[in-house]
Amino acid sequence: MEHDTRLRKVSPVRALMARPEFGSLAGVILVFAFFAVVAGDRGFLSARGTLNYLEVAAQLGLLAASVSLLMIAGEFDLSVGSMIGAAGMAMAIPVAIWGWPMWAGIALAFLLAALVGYANGYLVMRTGLPSFIVTLASLFILRGATLGFTRMITSRTRVSGLHSYAQGDPLAALFSGDPLGIPISVWWWILITLLASFVLTKTPFGNWIFGVGGDARASHAVGVPVARVKIILFMATAMSAALLAVIQVLDTGSADVLRGELKELEAIAAAVIGGNLLTGGYGSVIGGSLGALLLGMVKQGIFFTGINTDWFKVFLGSLLLAAVLLNDLLRKKALEAPK
Amino acid sequence: MTPLIEAKNISKYFGPVVALKDISLKVHAGEVHCLLGDNGAGKSTLIKILSGVFPPDEGELFVEGRPVRFESPRQAMDLGIATVYQDLAMIPLMSIVRNFFLGREPTVGFGPFRRFDLATAEKIATEELKKIGIDVRDVHQAVGTLSGGERQSVAIARAVHFGAKVLILDEPTSALGVKEAAVVLRYVIEARRRGVGVVFITHNVHHAWAVGDVFTLLNRGQSYGTFRKEETSREEVLQMMAGGEELASLEVELEEIARNQGRNP
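Undergrad: Help me understand the overall build of chain B in this model?
TA: When you go through chain B residue by residue, the secondary structure sums to nine helices and 12 strands. Seen along its three principal axes, the alpha-carbon backbone of chain B occupies a region of about 85 × 45 × 35 Å. When each of the 265 residues of chain B is scored for burial, the buried share is 43%. Contacts in chain B between residues at least 24 apart in sequence constitute 69% of all its contacts with a sequence separation of at least 6.

Take a look at the structure:
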């Protein structure tokens, strides 16, 4: 219908700006350029420097992918950080104390995470309470239980010396090492980001994620299984925390009850920087991953500039605020009726 | 001809309140059945019974001649009864095409590689929108960019596309401007032409008169009766809707006031 004056070509720039990940992409480019200029000659641009911030970004990005999906579905999981500590112990104690093979310890970590995720989701759906409150409760319960059980069984808060048990274990090989010289966490980060993004944008389940986050009642009215979608996402989030825990335990050879503290908030920050709407119904996994990349770059980049890393959280907070304001503006633009 | 959906002597009570008393209604294919009445007349209760939200306390429902008892809205939907609620029509932040197919996504591939067939979805959504005369640049734009009337129309188009035989429209025009309402009304006519039976709930006699074939008037949970368009007139319907007697007594009162004023200059 060429005669219709309301039809017009949108410029590719405008189309790109209307995407949820635009803000974080622009941020990544800006921050990269900044550190390249300021700290380029101090190792930021070297292969080592790059791998360094990629690994930091990957550990956060692993979480950010599933946290983004959950946020798009309209829910939070504040127990992610505690889950990392709990899963690490669930893996380390059976192996180091009870003599289980490493693969069984890893399996237990994932099983525990699946159960905790299910419990979180079931409670949120069953009680109708905000997930903020339910998972805040599990944040404390999980951390406390991890500390309690670990001290009860080992009378310490740290289990170490796990490297030797991982030798030749078929499952441990999947979560450790540096294939092609790149840390395993980076590979998992890329794999999970692609997988989660595929699910969100290319499958019916992904459409339901947008639907339940946008309007759970309306989605229910057209036959979307709202509770099932959300519970599956709570399970995926907890299991991605377990994945990070397994990678960390195999990398460091130890588990610590305090591991993962505040990771839940960093993952939420990454997701929000990536253009995911805090109230659900809008966002992107790629955006969340770019958010994680941005935070990783800033965290390590500060180190290369020689500025005291004590200042990292100041940057983190300012970045978060700037990103949210920018994303808010962009989303409003995207929702404006084209004139 | 067997009606698509028939309600026989339906009553519904909420505690001591008689929400509906002894209501009967038939909706035929290719017919727009307007349900008229003031606030609190029982229109919403009746359509909630027809669309399976809750069962009637007395009376029976028939779908194409067979007695039914709905346990859920999903069951009604599966029998081809689709309801478009004014506030539940569309999710603003989602794209038009994603909204259109929410819960009923076409797929390609098998097993773990089964995916949302967006190309097909896009084609169908674009065609369906063209049929109702909504020209969007791009079916990937957010529903929030559409006007209220367009959103209602897309919701109706969706119901018809997914094989609705009976379309229940809950006040689709009440929050719309004149031009916007016209968009929706045009599409109601289009749905009728395709042989859909439409239940059209409205306050607005002009909207009802423009598209309706049959009119049922509710007042305080009771039926004033069902009239075919050729048996009645717009004025008659208007009068019944406003509660005929009340309007007549108001007129008498107004005349009296005028006379009294004439006597005391």
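Undergrad: Looking at this structure, how should I read the overall build of chain A?
TA: In terms of regular secondary structure, chain A is built from 14 helices and two strands. Against the globule reference of 20 Å for 339 residues, chain A gives a C-alpha radius of gyration of 21 Å, in line with a compact fold. Seen through its principal axes, chain A has C-alpha atoms that stretch 75 × 55 × 35 Å. Counting the 339 residues in chain A, one finds 51% classified as buried. Partitioning the contacts of chain A with sequence separation of at least 6, the portion at a separation of at least 24 is 79%.

Undergrad: Can you walk me through the confidence of the model for chain A in this structure?
TA: Residues shown with low pLDDT carry predicted positions that ought not to be read at fine detail. Here chain A averages 87 in pLDDT, while 95% of its residues score no lower than 70. In this model, residues 1–7 of chain A is a region of pLDDT below 50 whose contacts with residues beyond four sequence positions or in other chains number six contacts.

Undergrad: What am I meant to see in the sheet that holds strand β9 (residues 166–170) of chain B here?
TA: Hydrogen bonds between backbone groups are what pair the strands of a sheet, and the pairing can be parallel or antiparallel. Residue and element names in this part refer to chain B. Strand order in the open sheet formed by six strands is β6-β9-β10-β3-β11-β12, and the pairing between neighbours is mixed. This sheet does not close on itself; its edge strands, each paired only once, are β6 (81–84) and β12 (222–228). When strand polarity is set aside, the average angle formed by the axes of neighbouring strands in this sheet is 15°. Alignment of strand β3 (residues 32–36) against strand β10 (residues 197–202), held across five bridges, turns out to be parallel. From the neighbouring strand, leucine 35 faces β10, where its bridge partner is isoleucine 201. Across the sheet, helix α6 (residues 178–193) is in contact with β3, β9 and β10; its angle to β10 comes to roughly 155°.

Undergrad: Would you mind showing me how to read the pairing of β3 of chain B here?
TA: Regular strands place side chains that alternate from one sheet face to the opposite one. Residue and element names in this part refer to chain B. Counting buried positions along β3 yields five of five residues, so the element is predominantly enclosed. Neither face of β3 is left uncovered, since the one carrying Val32, Cys34 and Leu36 and the one carrying His33 and Leu35 both have all their residues buried. The pairing of β3 with strand β11 (residues 214–219) spans four bridges and is parallel. What sits directly across from leucine 35, in β11, is threonine 216.

Undergrad: What am I meant to see in the sheet that holds strand β2 (residues 17–27) of chain B here?
TA: Residues and elements named next belong to chain B. Overall, antiparallel pairing links the four strands, which are arranged β2-β1-β4-β5 in an open sheet. In the strand order of this sheet, the two ends are held by β2 and β5 (66–68), each with one partner. The sheet shows a mean angle of 30° between the axes of neighbouring strands, taken without regard to direction. Its contacts with the sheet place helix α1 (residues 43–50) against β1 (5–14) and β2, and it is angled at close to 120° to β1.

Conventions adopted
- Residues numbered from 1 in each chain as written.
- Chains lettered and ligands numbered in written order.
- Predicted model: local features only at pLDDT ≥ 70, side-chain atom pairs only at ≥ 80, totals over all residues.
- Helix = DSSP H or I, 4+ residues; strand = E, 2+ residues; numbered from the N terminus.
- Buried ≥ 20, exposed ≤ 12 C-beta atoms within 10 Å, placed from the backbone.
- Contact = placed C-beta atoms within 7 Å.
- Rg over C-alpha atoms; globule rule 2.2 N^0.38 Å.
- pLDDT = per-residue confidence, 0-100.
- Pairing = 2+ DSSP bridges.
- Axes fitted to C-alpha atoms, helices over the stretch in contact; angles between N-to-C directions.

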